[in-house]
Amino acid sequence: MLSSPRTTTDTSALGARVPVSVTASDPISREGAASQLRRHPEVELREESRPGTVALLIEDSLDEAALTRLRRVVRSEGARAVLVVDSIRENELLDVIECGVGAIVWRREATAHRLVQAVLAAARGEGDLPADLLGRLINQVGTLHRGGAGRQGGPSLGLTSREVDVLRLVAEGFDTGEIAGKLSYSERTVKNVMHGLTTRLHLRNRAHAVAYALREGYI
């Protein structure tokens, strides 16, 4: 899903403990986050990020060095990324999503419970954005789309009506089970639809897929 934080964590779909690495610009932030995660049995801390790991990155600001770290973690190391940050400017938001970050937590809200929620969402390949940030993403991509409305030609790669229906509900914050119920699909069908479109369009996660659909004017 791509949604605001939920009040409970669901580990039934994950089974084994989720391997998590923590990276921060200062040792106090790193040890503080690691200490909070260490309390939760569904998390297993690792020293390095690698394929299958959730990389928790704590950044003061999103300069080019921070974006480079995000890209390296997702593209080179094959990890799923959770970003903990003080704030994100409008011109940084799409860059962060397109780096492959599907879960973002404000530092002021980074309790142990909130961090675990984001880690589990990232491990499932789902999005987890603060509600205010999700609204900004939709508004920003909508502005980009309107600005390009005068260009000739349609979207570069098409989405099927089924994919659009699923993505519209993802953008509204519904999870896989809720989407399946609303569309009278099985949960496996919903997962297959998301996997198919993210693979075909080379999108990194559900947040990136929603950004793509918004940018191209499908939703």
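As the structure is a computational prediction, the values presented were derived from the model and not from experiment.

1. Considerations on the pattern of salt bridges
Then step 1. With the rule as written, the count across this model stands at 12 salt bridges.
Then step 2. R46 is paired through a salt bridge with E44; the nearest N and O atoms lie 3.4 Å apart.
Then step 3. On the basis of relative accessible area, R46 is assigned to the partly exposed category, the value being 31%.
Then step 4. For R168, the salt bridge identified is with D165, shortest N-O distance 3.6 Å. Of this pair, R168 and D165 both sit in helix α6 (residues 161-171), 3 residues apart, which is roughly one turn of that helix.

2. Thoughts on the packing of aromatic side chains
Then step 1. In this structure the tally under the stated criterion is 0 aromatic pairs.
Then step 2. Stacked on the ring of Y185, the Lys or Arg R162 has its end atom at 4.8 Å from the ring centre.

3. Some points on the environment of L159
Then step 1. Secondary-structure assignment places L159 in the loop between α5 (131-147) and α6.
Then step 2. Distance from L159 to E216, taken between C-alpha atoms, is 9.8 Å for residues 57 residues apart in sequence.
Then step 3. Contact partners of L159, with chain neighbours within four places excluded, come to V164, L167, R200, L201, Y212, A213 and Y218.

4. Here we look at α6
Then step 1. When we look at burial in α6, the residues that qualify are E163, V164, V166, L167, L169, V170 and A171.
Then step 2. One or two steps after α6, the chain reaches G173, where phi turns positive at roughly 100 degrees.

Rules used throughout
Residues numbered from 1 in each chain as written. Predicted model: local features only at pLDDT ≥ 70, side-chain atom pairs only at ≥ 80, totals over all residues. Heavy atoms only, no water. Salt bridge = Lys/Arg side-chain N within 4 Å of Asp/Glu carboxyl O. Buried < 20%, exposed > 50% of the residue type's maximum accessible area, 1.4 Å probe, protein only. Helix = DSSP H or I, 4+ residues; strand = E, 2+ residues; numbered from the N terminus. Phe/Tyr/Trp six-rings, centres within 6.5 Å; stacked < 30°, edge-to-face > 60°. Lys NZ or Arg CZ within 6 Å of the ring centre and 35° of its normal. Contact = heavy atoms within 4.5 Å.

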